[in-house]
Amino acid sequence: MGLFVAQILTGLANAAALFLVASGLSLIFGVTRIVNFAHGSLYMLGAYFGITLMNTLPGAFGFWSAILLSGLIIGLIGVIIEICVLRPVYRAPELFQLVATFGVILVIQDLALMIWGAEDRLGPRAPGLKSVVRIMGEPVPQYDLALIAITPFILLGLWWLITKTRIGILVRAATQDREMVGALGVNQSWLFTGVFFLGSALAGLGGAIQLPKGGADLLMDLNIISSVFVVVVIGGMGSIPGAFVASVLISVLNVFGVAYLPQSTLVLMYVVMAVVLLLRPYGLFGREEKAGEHGQAGEPDRPIRPAGLYGRIAVAALLAVLALIPVFSGSFTQVLLTDIIIFCLFAASLQFMLSTGGLVSFGHAAYFGGGAYAAALLVSYSDTPMEIAFMFAPLAAGLLAILFGWFCIRLSGVYFAMLTLAFSQLIWSAAFQWYEVTGGDDGLVNIWPAKWLSGTNAYYYFTLIVGVGGIILLRHLTHAPIGYALRGTRDSARQAEATGINVKLIQWTAFSIAGALAGLAGGLFVFSKGSIFPNELEIAKSFDALIVVFLGGVKTLSGGVVGAGFMEVAKDWLTRLEYWRLILGLVIIGVVIIAPDGIVGTLRKVSERIGLRRTEEFMK
Amino acid sequence: MSLKTLIAASAALLAATCSSFAADSIKIGEINHYKRLAAFAEPYKKGIELAQKEINDAGGVLDRPLEFIFRDDNGKPGDAVKIAEELMTREGAVMLTGSILSNVGLAIASLAGEKGYIYLAAEPLADALVWESGNPYTFRLRTSTYVQAALLAEEAAKTDAIRYATIAPNYAYGTAAVAAFKENLKKLKPEVEFVSEQWPALFKIDAGSEVQAIEAAKPDAIYNVTFGPDLQKFVREGSLRGLFDDRKVYGLLTGEPEYLDPLGDEAPEGWFVTGYPWYGFTEGPAKDFVDAYMAAYPDETPKIGSLVGYMTVKSIAAALKKAGSTETPALLAAFEDLKVDTPMGEIVYRGIDNQSTMGAYVGTTALKDGKGVMVDWSYKDPVPYMPSDEEIKAKRPAE
Amino acid sequence: MNAVLKVSGLNRFFGGIQAVKDVTFEVAPGELKALIGPNGAGKSTCFNMLMGQLPPSSGKVFLNGEEITGKPPRDIWRRGVGRTFQITGTYQSMTVAENVQMALMSHHRRIFAIRPYAYKLYREEAMALLEIVGMADQADRACAILAYGDLKRLELAIALANEPTLLLMDEPTAGMAPKERIRLMQLTADIVRERGVSVLFTEHDMDVVFAHAHHIMVLNRGELIAEGTATEVRNNKKVQEVYLGGGMLFNKEDTHA
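All figures in this text were calculated on a predicted structure; none of them were measured in a lab. (Residues numbered from 1 in each chain as written. Chains lettered and ligands numbered in written order. Predicted model: local features only at pLDDT ≥ 70, side-chain atom pairs only at ≥ 80, totals over all residues. Heavy atoms only, no water.)

Peer 1: Can you lay out the overall build of chain B for me, pointing to particular residues and giving the numbers?
Peer 2: Secondary structure summary: chain B contains 13 helices and 14 strands in total. Seen through its principal axes, chain B has C-alpha atoms that stretch 85 × 45 × 35 Å. When the 399 residues of chain B are sorted by exposure, 63% land in the buried category. When the accessible area of chain B is evaluated, it comes to approximately 13500 Å², of which 53% is carbon and sulfur surface. Positive and negative side-chain charges in chain B, numbering 41 and 57 respectively, have mean positions lying 3 Å apart. (Helix = DSSP H or I, 4+ residues; strand = E, 2+ residues; numbered from the N terminus. Buried < 20%, exposed > 50% of the residue type's maximum accessible area, 1.4 Å probe, protein only. Areas by Shrake-Rupley, 256 points an atom, 1.4 Å probe, with all protein chains shown as cover. Lys, Arg positive; Asp, Glu negative; His and termini not counted. Charge placed at Lys NZ, Arg CZ, Asp CG, Glu CD.)

Structural data, given as structure tokens:
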């Protein structure tokens, strides 16, 4: 009994920091609809500032003021980010801002390394709260009790702020209907800035308040972000009480997971998330999303036409150049191009569902990695010839997408995105933890192509044909009736249903096609690298694809491919430099600000404006 | 002039330019996670640069300077493979080294085996590199996880502890480290039981719950494999809640300065650990290295990574010297039973599994001047602790 | 003569509020029937239940004698019901012609076709339909840049794509200029005459209704209060109360309460 109580207390104490960070993210999302990837970075900065301040300010007063000051500083940093990086792109398509926040993550990672150095920092202990209290015979750290006591006050404070003050009423109104707030004559941009301050400050507080239980290190930004997403989704996007309940739920569950299912702790969180989303699609306390918030805000897409003669000639010329590469260039160029083509296919497969279908997936890596693993497992365990194993990759990924898609398409908007994320994390944790089969983190190695494909040249041509073939297939499908139907379901699901189109079936089909093509890319990947590891299934991999689609232009057909090419080449060049993350981050932020319609979309607009390109016939 | 001749001519020109550059120095491709795992990669890089400077100041190898090309893979195996190709085919590297993460090491090793590049895996801990996934082109410097676990098991077997709890990060290295400890301890003392096995997610430990779960199992002794931020949190919660009182703790790598230093005055006392007690050397090559390192980097103290980086360069230089050439077949032959003089004494790259005989320091942790140190330490030669040649042969794929 | 559409005892509650009360009526073949009523009378709710966008709380809907209550809109459409909406829901990212082609592809069950280019399929048929509504000259413009009245006409063309026996038109002339309204209703009346389609429509503009509808039903607070020809409805006391003395009626109720 004593142990049980002690475990509950541990869970409650752990919930404190998680709640602070998650409530900040939830607030920001609720009001601004920005999915702030950089929220974990703010948490990390909170921890580093906290340590620096605690080491400067003496005593208990210094300790607690350091925590508050960290919150304040991080809030101000949040304001700087909001004004400099996000404000210029509010008019861009929804979710475009997440590309900018991704750039911010990179910048902050390198800045933190420059300022605080590489060594992990141990957090100072709270003065006067350094020992334990015995509760029913079990030791409970005093600081844990302090955290348990503080959290409800923060919750109450936020609750008071949101329900009892004018600012709070505006925030709540904005969460439900942004246009209305604008109509009320409130300066929306300052409301956004204010909310960003509050949300960031909460993340900073979270980072500082956890110091006595841990410390600061350069990996904590990405380590917390997935848990925070889970909490926000389970609680309901935009709900503060939801964030609180979900933090406690996840933390307490984790304590018991550690005690009774020690090897399954990774999976547990995502299983809970998937179950909650399936039973309560909008989280425990969330509200149903309004229509038109599915990444399709802003001006509507333009009508599309298959490339004309000039377009086809240009593509043919490009392909001819690519085909001749092995003749006049070294083998590394082919290796690099192989990587680029694979990534382009992966991005194109996401773009098919995301742009054409308005289905924003946060978990597309599941099908890329899933296909790669499927092929690798066949090779490892049954010595299947490479040709057959390779064909199994898109097949397996497609089947996986059919299975997961069936659940996911029941939801829409950001909840759809979160369920795809939950499923991809399930696949990731399976690959990571099912050590006997997948090799866990040590992955599957020596998965090389068949003899006739093993040379760099041969595999390059193979990738060129299959990869470009896949991209062209996707593009053709976009122009085919199925692609049009998909676009129809995105533009107006009601109209589609009223004209005999089964919207969910179309979306499910698109989801499966996108999954299968991602699996094809995964198949190409695994045989080009000779190995596969769980990191190809990580959230980061899904976000890579998402980011290049937005970067290239979500309202274009070739955005994904162009964005992927741009990103791979930029990375290849920049990683040679010392502070490449900083530079890459700034490049991404720069592109986002200069080209809010994405690279392709902005090029199209600019060339129309300066008369290089005629405005399309149907826009007259 | 036809197109064909034009292309051929430019290709020849390109090749000529490339090779003329290569004539200057011997290039070694070094791939690592300089950003992703900066805390480990930076001291390692400094060790490399120290050795490189020493060698080049002394006239280089084969009368040519040694040049390391450092490239960041961001901790991604796929990127590392791409960079490895670039280093070998475009930059003119004669061989590859690098990686701290096991998975990246395994990915490069697989590429090395397929393409016939020589790869010296300096830091990665996965024993699969030289055993299950071993290949003739991959060599490993660092003491194997198996041996380090066996060293701790040997010490553990001497006590009367029967009930053991283990805690290890939930990924391949953690799993292997626990398996090796169990195997060796059971061999020495069949009556031991493992009453609790904890598997926190790497760098996401929930230390309070882990400590409670271990405490609930009432073990006599604990085997710890956590490191980095996880170790900090585990030690803090464990000390606070009295988990380590009257219990023997065996810590894999815990004594390495990378992990012990950040703990400051909270470093645990009385743990039996593997590590690197650089502050304890009084003479000999070990001390010489420490002095040279601190002279080169006055604000730094050496880490185990510094030593591994330094020994990596020494190993490569020795191989080049023995081969008398930078060609792969000659280098490959040279690595066979290659002997290298290092700060740890002479090590040998064993022909049987391409594993070096770099040993490990074991000792007990203590606090000195508000910092954690290893006392009563000794250096252990790994050879007696390795699996038998037959076992290794059975593990390694046929060549 | 068999009714094309038969509705009996339709009810719909939203929480505790009853939006539609026991609505029963029929639409005969070739009939142009209007459903009118003040704002919030429940017209759109009624429509949404006929077409399957909203399940009724109780009651039944029959199409050509077959029960279609609670079936999804796409099934009802396949049985020959076309629909236009109060607020247009055309595909913004497609051209005018493509919007019609989309409905035609669905009608001919070619949605899952992979090989053909969609923009080439059923182009002629689509042009013919656009011709009917007078939109042929705008066929290749993007929907996103159309005037609202043009979108309404486009919707009508789309609704005709599956050769419907019944058209449900929810406020077909809302948001249009008076002249355009008359043109559109004339067009609808012509279609009814030439193709033998039945039309049920809701409307705000009484001129439009009285000029074209064969029969008129009046809905108030979810209840049908009158049904008949234009003259009958015009002379109905209750209707006069609702439309002419609307304010008074509300005030009366308020004093009762």
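Peer 1: Can you explain the packing of aromatic side chains? Please cite residues and give values.
Peer 2: Taken as a whole and judged by the stated rule, the model has 56 aromatic pairs over all chains. Residues A:Phe407 and A:Phe423 carry aromatic rings whose centres are separated by 5.7 Å and whose planes lie at 40 degrees to one another, so their mutual orientation is tilted. Here A:Phe407 is found in helix 15 (residues 386-408), whereas its partner A:Phe423 is found in helix 16 (residues 413-433), with 16 residues between them in sequence. Seen from their ring centres, B:Phe281 and B:Trp377 are 5.3 Å apart, and the 90 degrees between their planes marks the pair as edge-to-face. Note that B:Phe281 is positioned in the loop between strand 10 (272-275) and helix 10 (284-296) and B:Trp377 in strand 14 (residues 371-380), a separation of 96 residues in sequence. (Phe/Tyr/Trp six-rings, centres within 6.5 Å; stacked < 30°, edge-to-face > 60°.)

Peer 1: An account of empty space enclosed by the protein is needed here, citing residue identities and associated values.
Peer 2: For the structure shown, the criterion picks out twelve cavities of 30 Å³ or more. Lining the second largest cavity are 35 residues, and of these A:Ser227, A:Asn254, B:Lys204, B:Ile205 and B:Asp206 sit closest to its centre. For the lining of the second largest cavity, the secondary-structure elements that each account for two or more residues are helix 1 (2-32), helix 9 (220-235), helix 10 (240-260) and helix 11 (265-279) of chain A together with helix 7 (207-216) and helix 8 (229-240) of chain B. For the lining of the second largest cavity, the residue count by class is 18 nonpolar, ten polar and seven charged. (1 Å grid on protein atoms, 1.4 Å probe; cavity = no way out; pocket = protein on both sides within 12 Å on 5 of 7 lines; lining within 4 Å. Points joined across faces, edges and corners; volume = space filled by probe spheres on them. Nonpolar A, V, L, I, M, F, W, Y, C, P; charged D, E, K, R; others polar.)

Peer 1: Which residues make up the domain arrangement of chain A, and what values do they have?
Peer 2: For chain A, the assigned domains are domain 1 (2-222) and domain 2 (332-540). Using only C-alpha atoms to locate each centre, domain 1 of chain A and domain 2 of chain A end up separated by 35 Å. (Domains from an automatic or database assignment.)

Peer 1: So, the arrangement of the chains: which residues are in play, and what are the values?
Peer 2: When the two pairs of chains in contact are compared, the highest contact count belongs to chains A and B. Structurally, chain B and chain C remain out of contact, their C-alpha atoms never closer than 34 Å. (Contact = heavy atoms within 4.5 Å.)

Peer 1: Got a sec to walk through the confidence of the model for chain B? Specific residues and values, please.
Peer 2: Per-residue confidence for chain B gives a mean pLDDT of 91; residues scoring 70 or more make up 94%. In this model residues 12-23 of chain B is a low-confidence stretch, pLDDT under 50, and it forms four contacts with partners more than four residues away in sequence or in other chains. (pLDDT = per-residue confidence, 0-100.)

Peer 1: Can you lay out the interface of chain B and chain A for me, pointing to particular residues and giving the numbers?
Peer 2: Each side of the interface is counted separately: chain B has 60 residues, and chain A has 74 residues. Taking both partners together, chain B and chain A bury about 6000 Å²; carbon and sulfur atoms supply 54% of that area. Of all residues in chain B, B:Lys35, B:Lys82 and B:Arg236 bury the most surface against chain A, accounting for 13% of the area lost on that side. The interface formed by chain B and chain A holds eight salt bridges in total. Linking B:Arg241 and A:Asp144 is a salt bridge whose minimum nitrogen-to-oxygen distance equals 3.0 Å. The interface formed by chain B and chain A includes 20 residue pairs in polar contact (both at pLDDT 80 or more). Only helix 2 (38-57), strand 2 (66-72), helix 3 (77-89), helix 4 (102-115), helix 6 (172-188), strand 7 (193-198), helix 7 and helix 8 of chain B provide two or more residues apiece to the side of chain B that touches chain A. Counting residues per element, the side of chain B that touches chain A draws most heavily on helix 4 of chain B, which supplies eight residues. For the side of chain B that touches chain A, the residue count by class is 21 nonpolar, 15 polar and 24 charged. (Buried area = accessible area lost by both parts, 1.4 Å probe. Salt bridge = Lys/Arg side-chain N within 4 Å of Asp/Glu carboxyl O. Polar contact = N/O pair within 3.5 Å; in protein donor to acceptor, adjacent residues only side chain to side chain.)

Peer 1: Can you lay out the domain arrangement of chain B for me, pointing to particular residues and giving the numbers?
Peer 2: All names here are of chain B. Once the domains are mapped, chain B shows domain 1 (3-144 + 284-359) and domain 2 (146-280 + 360-385). Between the C-alpha centres of domain 1 and domain 2 there is a distance of 30 Å. Tallying the contact residues gives 22 residues for domain 1 and 20 residues for domain 2. A combined buried area of about 1900 Å² lies between domain 1 and domain 2, and 65% of that area is made up of carbon and sulfur atoms. Summed over the shared surface of domain 1 and domain 2, the result is two salt bridges. The interface formed by domain 1 and domain 2 holds nine residue pairs in polar contact (both at pLDDT 80 or more) in total. Top contributing element to the side of domain 1 that touches domain 2 by residue count: helix 10, with four residues.

Peer 1: For the layout of surface pockets, give the residues involved together with the corresponding values.
Peer 2: All names here are of chain A. Estimated volume of the largest pocket: approximately 1800 Å³. Lining the largest pocket are 50 residues, with Ala307, Val315, Arg475, Leu557 and Ser558 positioned closest to its centre. The class makeup of the residues in the lining of the largest pocket is 28 nonpolar, eleven polar and eleven charged.

Peer 1: How would you explain unusual backbone geometry if you had to name every residue and give the values?
Peer 2: Residue and element names in this part refer to chain B. Look at asparagine 74: it is not a glycine, yet its phi comes out positive at around 60 degrees. Secondary-structure assignment places asparagine 74 in the loop between strand 2 and helix 3. Given a relative accessible area of 17%, asparagine 74 falls into the buried group. Notably, phenylalanine 203 is not glycine yet its phi reads approximately 60 degrees, a positive angle. Looking at the secondary structure, you find phenylalanine 203 in the loop between strand 7 and helix 7.

Peer 1: So what about the sheet that holds strand 8 (residues 198-202) of chain C? Which residues, and what values?
Peer 2: Within a beta sheet, neighbouring strands are joined by backbone hydrogen bonds and run either parallel or antiparallel to one another. Residue and element names in this part refer to chain C. As summarised here, the arrangement of the six strands in space is 6-7-8-3-9-10, forming an open sheet in which the pairing is mixed. A strand with exactly one partner marks an edge of an open sheet, and here the two such strands are strand 6 (81-84) and strand 10 (223-228). Adjacent strand axes in the sheet meet at a mean angle of 15 degrees, parallel and antiparallel pairs treated alike. Summarising the sheet, strand 3 (residues 32-36) and strand 9 (residues 215-220) pair through four bridges and their orientation is parallel. Residue pairing in the sheet places isoleucine 36 in a bridge with valine 218 of strand 9. (Pairing = 2+ DSSP bridges. Axes fitted to C-alpha atoms, helices over the stretch in contact; angles between N-to-C directions.)

Peer 1: Provide a residue-level description of a nonpolar patch on the surface, including the pertinent values.
Peer 2: Residue and element names in this part refer to chain A. Taken together, Val321, Leu324, Val327, Phe328, Tyr461 and Ile465 make up a surface patch of nonpolar side chains, about 540 Å² in accessible area. Contributions of two or more residues to the nonpolar patch are made by helix 12 (309-328) and helix 18 (456-479). Among the elements that take part in the nonpolar patch, helix 12 stands out by supplying four residues, more than any other. In this fold, leucine 324 is placed in helix 12. Taking the relative accessible area as the measure of exposure, leucine 324 reaches 43% and is therefore partly exposed. (Patch = residues over 30% accessible without salt bridge, like charges linked within 9 Å, V, L, I, M, F, W, Y side chains within 5 Å.)

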